[in-house]
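# Report on the structure
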Amino acid sequence: MCLILIATIFNPFVGVSKSVIFSNNLSAFIIGCIYWAVRFKKRYTLGRRLYLLFVFVMINYLWIETGGSTGPTVVYIVAFVPMLTFMVSSKMLKYTYTIIFFNIPMLLLFEVYFPEYITSYPSQLHRVMDILMVFSVFIVFEIPLIIYVKKVVIEQRNTARQSEKLKTSFITSLSHEIRTPMNAILGFSELLNQDDLENDERKSYINHINENGNTLLLLLNNIINISKIEQEQTKVSLSKFVGLQIVQRVYSSLSYKQSDAVDFRIVATEADNDMIYSDAAMLFQILTNLTFNALKFTKEGFVHLDIQTHGHWITFIVKDSGIGICQSKQDKLFKQYEQAKDDNQLMNLDGSGLGLAICSNLTEKLNGQLYFESEKNVGTTFYLKLPTNNQ
């Protein structure tokens, strides 16, 4: 569009024919229609094909109207061909280059055998000025574009490599995360077969089986959830419910992790019985992951669940006195497959790196905010802020 605008301004001064000036105005209209189809109707493939067809028609038309091989059309072609690499898919690129391969020789042969149909410039100066203008415009627009695309490609390549490393590490960690509770379940199940077990021992083994089974179930749910999120299959199902009831469900589902060294309880009271219009299942998933992490990384002290309401917003709070999160890892905490590690790398905290990524994605779908405050060896507080009327 910029090239067409510049041509519309300068073509009358260069002395090109009125038909070329008219073609510029028509081109502006066609390019505008293609842009509308792509930008607002999302017809990407159709837009590419129409644009390529338009370019080939204009190349043939301008070849005849602007001096053939002695005019600026050769510059158009030379500048346009490198851009094709970034514009079209590999399959379409093959057909496009094939058309160019046959089209250009045909234009040259047409110029040799039918020179009377080629419009000549009124003077050599006009021809040079037209070629110089087109060349300058492509230098100004195309070189920055190619540099930008190169930068984007390099960044995407580096991101892909980093993602592959994280996924490899995730798979290794995941096998450990699954194997550990499974071994515990199988081991304690085998111990239950002993006939001389005391009741206290039997209850202890059953508690271990339940704890590891719940841990494994949470891990499998996270894997399913992150898969749905990646495939954009997660749908919000809104309903009206009491926020405190979800907190109580989370507390009940994770009560098996309670120990004498950790004060795990709900701080909120019946006075915090406010209604919320949101997705109860998603809210339960978020709070379960946050609370599970708090209990996992708090060996002694407390894990408290609270609710605060301010106007049209309700905030769910998960506060612990655990190991905290080191400063170097806080920025990456909500990224997929990222795990918190001690600054000196002496302590590698177990985990799949999925829980907080799922929480962040689900919070976004609920039009909420998820943030935290943390201090190393002091504790962490997560805040989940949701609108009470999610519409």
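Provided above is the structure to which this section pertains.
The rules behind these values
- Residues numbered from 1 in each chain as written.
- Predicted model: local features only at pLDDT ≥ 70, side-chain atom pairs only at ≥ 80, totals over all residues.
- Heavy atoms only, no water.
- Pairing = 2+ DSSP bridges.
- Helix = DSSP H or I, 4+ residues; strand = E, 2+ residues; numbered from the N terminus.
- Axes fitted to C-alpha atoms, helices over the stretch in contact; angles between N-to-C directions.
- Contact = heavy atoms within 4.5 Å.
- Core = buried A, V, L, I, M, F, W, Y, C linked by side-chain atoms within 4.5 Å.
- Buried < 20%, exposed > 50% of the residue type's maximum accessible area, 1.4 Å probe, protein only.
- Parallel < 35°, antiparallel > 145°, perpendicular 65-115°, else oblique.
- Nonpolar A, V, L, I, M, F, W, Y, C, P; charged D, E, K, R; others polar.

### What to know about the sheet that holds strand 5 (residues 313-320)
Spatially, 2-4-5-7-6 is the arrangement adopted by the five strands of the open sheet, whose pairing is mixed. Since the sheet does not close on itself, it has two edges, and those belong to strand 2 (262-266) and strand 6 (369-375), each with one partner. Between one strand and the next, the sheet's axes are offset by a mean angle of 15°, whatever the strand orientation. As judged from the five bridges shared by strand 2 and strand 4 (residues 301-310), these two strands associate in the parallel manner. Paired with Asp263 across the strands is Phe302, a residue of strand 4. Lying over the sheet, helix 8 (residues 243-253) contacts strand 2, strand 4 and strand 5, oriented at roughly 150° with respect to strand 2. Taken strand by strand, helix 11 (residues 355-365) contacts strand 6 and strand 7 (379-387), and its axis lies near 140° from that of strand 6.

### A word on the nonpolar core
Core analysis: the biggest nonpolar cluster contains 44 residues, and Leu283, Leu287, Leu290, Phe316, Phe382, Leu384 and Leu386 have the highest contact counts within it. If we skip the residues at most four places from it in the chain, Leu386 touches Ile276, Ser278, Leu283, His312, Trp313, Ile314, Phe316, Leu366 and Gly368. The next biggest cluster of nonpolar side chains, apart from the first, holds 20 residues, and it includes Leu52, Phe56, Met58 and Trp63.

### Some details on unusual backbone geometry
You will see that Asn367, though not glycine, has its phi angle at about 60°, which is positive. The topology assignment puts Asn367 in the loop between helix 11 and strand 6. Non-glycine residue Asn377 carries a positive phi angle of around 65°. Position of Asn377 among the secondary structure elements: in the loop between strand 6 and strand 7.

### Focus: the pairing of strand 4
Sheet analysis places strand 4 next to strand 5, joined by eight bridges and oriented antiparallel. If you follow Val303 over to strand 5, its bridge partner there is Asp320. Remark: two residues form the turn of the hairpin made by strand 4 and strand 5, two consecutive strands paired antiparallel; Gly311 in that turn has positive phi of roughly 65°.

### A few points about the packing of helix 2 (residues 18-39) against helix 3 (residues 44-65)
Running from amino to carboxyl end, helix 2 crosses helix 3 at an angle of 170°, the nearest separation of the two axes being 9 Å. Our classification of the angle between helix 2 and helix 3 gives roughly antiparallel. Between helix 2 and helix 3, the contacting residues are Ser19, Val20, Ser23, Ser27, Ile30, Ile31, Ile34 and Val38 on the first element and Tyr44, Gly47, Leu50, Tyr51, Phe54, Met58, Tyr61, Leu62 and Glu65 on the second. Here the residues of the contact of helix 2 with helix 3 sort into 12 nonpolar, four polar and one charged.

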